[in-house]
Amino acid sequence: MIITTETQVCDIAVEYPTAIPVLERFGIDFCCGGKHTLAEACTQRDVDVVPVLEELERQQRKTGAPEAHWQKAPLKELADYIVSRHHVFTREQIQLIAGLMTKVEARHGADHTVVPQIGKVFAVVSAELAHHFICEETILFPYIGKLGGGQQAALPPMFGSVEQPIARMMADHDQAGAELRELRGLTGNYTPPTAACPTWRALYRALEDLEQDLHQHIHLENNILFPRALAQAKGTA
Ligand SMILES: [Fe+2]
Ligand SMILES: [Fe+2]
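The rules behind these values
- Residues take numbers from 1 onward in each chain, read along the sequence in its written order.
- Going through the entries in the order they are written, you letter the chains from A and number the ligands from 1.
- Owing to the predicted nature of the model, reporting of local features is limited to residues with pLDDT of at least 70; listing and counting of side-chain atom pairs is limited to 80 or more, with chain, interface and lining totals taken over all residues.
- Note: side-chain values were computed over all heavy atoms of the structure, leaving out hydrogens and water.
- Here a helix means four or more residues in a row that DSSP labels H or I, a strand means two or more in a row labelled E, and each is numbered from the N terminus.
- Here the radius of gyration uses the C-alpha set of atoms, whereas the globule reference equals 2.2 Å times the residue count to the power 0.38.
- Each residue is assigned to one of three classes by its accessible area relative to the maximum for its type, calculated with a 1.4 Å probe on protein chains only: buried under 20%, partly exposed between the two thresholds, exposed over 50%.
- Two residues qualify as a contact provided that any one of their heavy atoms is within 4.5 Å of a heavy atom in the partner residue.
- We get accessible surface area from the Shrake-Rupley algorithm with a probe of 1.4 Å; when it comes to residues, only the shown protein chains can shield them.
- Any Phe, Tyr or Trp ring, taking Trp's six-membered ring, that has another such ring centre within 6.5 Å forms a pair; planes under 30 degrees apart are called stacked, those over 60 apart edge-to-face, and the others tilted.
- Our definition puts a charge over a ring when NZ of Lys or CZ of Arg is within 6 Å of the ring centre and also within 35 degrees of the ring normal.
- We place a 1 Å grid over just the protein atoms. Points where a 1.4 Å probe fits but has no way out form a cavity, open points with protein on both sides within 12 Å along at least 5 of 7 lines form a pocket, and any residue with an atom within 4 Å of a point lines it.
- Grid points are joined across faces, edges and corners, and a volume is the space filled by probe spheres set on the points.
- Amino acid classes used here: Ala, Val, Leu, Ile, Met, Phe, Trp, Tyr, Cys and Pro are nonpolar; Asp, Glu, Lys and Arg are charged; the rest, including Gly, are polar.
- The split into domains, and so the bounds of each, comes from an automatic or database assignment of domains.
- Buried surface area refers to the total accessible area, computed with a probe of radius 1.4 Å, that the two partners give up upon joining, counted for both partners together.
- When a carboxyl oxygen of Asp or Glu lies within 4 Å of a side-chain nitrogen of Lys or Arg, that pair is called a salt bridge.
- Distance and chemistry together define a polar contact, namely a pair of N or O atoms within 3.5 Å, with one atom able to donate a hydrogen and the other to accept it when in protein, and with adjacent residues in sequence counting only for side-chain atoms on both sides.

Focus on the overall build of the protein chain
No. 1: Along its length, the protein chain carries nine helices and zero strands.
No. 2: Element order for the protein chain, N to C, with α for helix and β for strand: α-α-α-α-α-α-α-α-α.
No. 3: For the protein chain, the C-alpha radius of gyration of 19 Å lies close to 18 Å, the compact-globule estimate for 237 residues.
No. 4: Taken along its principal axes, the extent of the C-alpha atoms in the protein chain is 60 × 45 × 25 Å.
No. 5: Counting over 237 residues, the protein chain shows a buried share of 43%.
No. 6: The long-range fraction of contacts in the protein chain, counting pairs at least 24 apart against all pairs at least 6 apart in sequence, stands at 73%.
No. 7: If you sum the accessible surface of the protein chain, you get close to 12,100 Å²; carbon and sulfur atoms cover 54% of it.

Remarks on the packing of aromatic side chains
No. 1: In the structure shown here, the tally under the stated rule is three aromatic pairs.
No. 2: Between Trp-70 and Tyr-81, the aromatic rings sit 4.9 Å apart at their centres with planes inclined by 35°, giving tilted as the arrangement. With Trp-70 in helix α5 (residues 69–72) and Tyr-81 in helix α6 (residues 75–108), this residue pair connects regions lying 11 residues apart in the sequence.
No. 3: Ring pairs connect the aromatic residues Tyr-190, Trp-200 and Tyr-204, which therefore count as one cluster.
No. 4: Seen from the ring of Phe-89, Arg-85 lies directly overhead, with NZ or CZ sitting 5.7 Å from the centre.

With respect to the layout of surface pockets
Any empty space left between the atoms is revealed when a probe the size of a water molecule rolls over them.
No. 1: Taken as a whole, the largest pocket spans an internal volume of roughly 520 Å³.
No. 2: Looking at the largest pocket, it is lined by 23 residues, and the ones nearest its centre are Gly-27, Ile-28, Asp-29, Arg-45 and His-215.
No. 3: By residue class, the composition of the lining of the largest pocket is seven nonpolar, eight polar and eight charged.
No. 4: Split by domain, the lining of the largest pocket shows at least three residues from each of two domains, domain 1 (9–67) and domain 2 (71–234).

What about the domain arrangement of the protein chain?
No. 1: The domain architecture assigned to the protein chain consists of domain 1 (9–67) and domain 2 (71–234).
No. 2: Placing a centre on the C-alpha atoms of domain 1 and another on those of domain 2 gives a separation of 21 Å.
No. 3: If you look at the interface, domain 1 gives nine residues, while domain 2 gives 12 residues.
No. 4: Summing both partners gives a buried area of about 940 Å² for domain 1 against domain 2, and 60% of it is carried by carbon and sulfur.
No. 5: If you sort the residues of domain 1 by the area they bury against domain 2, Val-14, Cys-31 and Cys-32 come out on top, with a joint share of 51%.
No. 6: Inspection of the region where domain 1 meets domain 2 yields zero salt bridges.
No. 7: The interface formed by domain 1 and domain 2 holds three residue pairs in polar contact (both at pLDDT 80 or more) in total.
No. 8: Going through the elements one at a time, α1 (9–15) and α2 (20–25) are the ones with two or more residues in the side of domain 1 that touches domain 2.
No. 9: Of all the elements, α1 adds the most residues to the side of domain 1 that touches domain 2, at three residues.

Digging into empty space enclosed by the protein
No. 1: Tallying each qualifying case throughout the model produces one cavity of 30 Å³ or more.
No. 2: By volume, the largest cavity amounts to about 30 Å³.
No. 3: Taken together, Leu-129, His-132, Phe-133, His-173, Leu-214, His-217, Ile-218 and Glu-221 make up the lining of the largest cavity.
No. 4: Listing elements by their share of the lining of the largest cavity, those giving two or more residues are α7 (114–148) and α9 (198–234).
No. 5: The dominant element in the lining of the largest cavity, judged by the number of residues it contributes, is α9, at four residues.

Quick notes on the environment of Leu-100
No. 1: Checked against the element boundaries, Leu-100 lands in helix α6.
No. 2: Separated by 99 residues in sequence, Leu-100 and Thr-199 place their C-alpha atoms 6.4 Å apart.
No. 3: Sequence-distant contacts of Leu-100, defined by excluding residues within four places in its chain, comprise Thr-199, Ala-202, Leu-203 and Ala-206.

Given below as structure tokens:
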């Protein structure tokens, strides 16, 4: 695939996962907003598309063949990978952040109003993600795994078809994406104040790592797992 300014950002991330760190570096949304072209995404972020394209081409040359593994791997393998790699990481990271947040709020919350604001948004997004992961792990992913294996698969009666839970999960992703943007805004792109203590710095770093991992995680679901599952359900895979 030749990447141009008109290539959809999600296609770049799907075909060249090694391009993801480049997109991240330029702040380009490749998961929830991935349907935009590279040019549109750059305009949205107010960045010049030329250096982005150059950097992507450099990365492409460096890594050689694209990693299209997840486009072909069994759906169960992909769903299991998402849980073992991303759900486990996110749960651990949320625990780590919660501990750091409590300390920073106790020490600095009274003097810095932004700290409790960050704590509030973090509490909301972490509770939502906990619920979201349970839905994926107990209902949607087992169904998708069976579907991909050609087995008889059934969803709970409240869902008419697989489109419904997938649409629900994608709406959750959009919501989490908006909350992550809010956290990025509140923290000034995760830049701690110059006088911030090491715990405060660690908090921002941990939040940024959470954001980065969630972007890759949501990308795998929105752009690969869910479209492949929908195609399988429709018999067009
Ligand atoms: Fe997930
Ligand atoms: Fe998800």
